[in-house]
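Notes for the structure review
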Amino acid sequence: MHKDNYSNIMDIVEKLRNVNLRPTKQRILLANQILDGTNKHFTAETIQKEVLSKGQSISLATIYNCLNKFVSVGLLKQIDQQGEVTIFDTNVSCHHHFLNQETGELIDIEPDEIGFSKLPKIPNGFENDGIEVLIKLESKNLV
Ligand SMILES: [Zn+2]
């Protein structure tokens, strides 16, 4: 059953309150855009484009503020990678990724698809908080 927009918004407000975030207009707008229950990877720029295409406007700085807040309360995850763009992930569980280096697209890899036979000693005073692998993809040079 497709939810009407109003009950959707009420769900979002509750989701924000559950993690002690004040449901501001911008947070609701972004959470509604991002947290629709599907796993996806995105950048602040792509979210801004989506919001603009719906006839609403929001600055990139505001988007980054909100997304970083969402990350800090565990609603979102930030993918660590080399490169200029920050990619956010709605799947907050520990999992791995393929990175298509040509398009920047990330593809989820289930945790049980990767095993480890050797790990370094964790430095004193720290514990292992999760291992996330990024496998970089490059097109094969087909002749
Ligand atoms: Zn992911």
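Look up a bit, the structure's there.
Quick look at the structure, then. (Residues numbered from 1 in each chain as written. Predicted model: local features only at pLDDT ≥ 70, side-chain atom pairs only at ≥ 80, totals over all residues.)

Comments concerning the sheet that holds strand 6 (residues 134-137)
In spatial order, the strands read 5-4-6; together these 3 strands make up an open sheet with mixed pairing. The open sheet has two edge strands with one neighbour each: strand 5 (106-109) and strand 6. Across the sheet, the axes of successive neighbouring strands diverge by a mean angle of 25 degrees, strand direction being ignored. Looking at chain direction, strand 4 (residues 96-100) and strand 6 are connected through 4 bridges and run parallel. The residue bridging His 97 from the neighbouring strand is Leu 134, located in strand 6. (Pairing = 2+ DSSP bridges. Helix = DSSP H or I, 4+ residues; strand = E, 2+ residues; numbered from the N terminus. Axes fitted to C-alpha atoms, helices over the stretch in contact; angles between N-to-C directions.)

Some points on the pairing of strand 5
Where strand 4 meets strand 5, 4 bridges bridge the pair, whose relative direction is antiparallel. When the sheet's bridge partners are listed, His 96 is paired in strand 5 with Ile 109. Linking strand 4 back to strand 5 in an antiparallel pair, the connection comprises 5 residues, with Gly 104 at a positive phi of about 80 degrees.

Concerning unusual backbone geometry
The phi torsion of most residues other than glycine is negative, and most of the peptide bonds are trans. Unusually for a residue other than glycine, Asn 20 sits at a positive phi of about 60 degrees. With respect to the element layout, Asn 20 can be found in the loop between helix 1 (5-18) and helix 2 (25-34). Given 7 C-beta atoms within 10 Å, Asn 20 falls into the exposed group. (Buried ≥ 20, exposed ≤ 12 C-beta atoms within 10 Å, placed from the backbone.)

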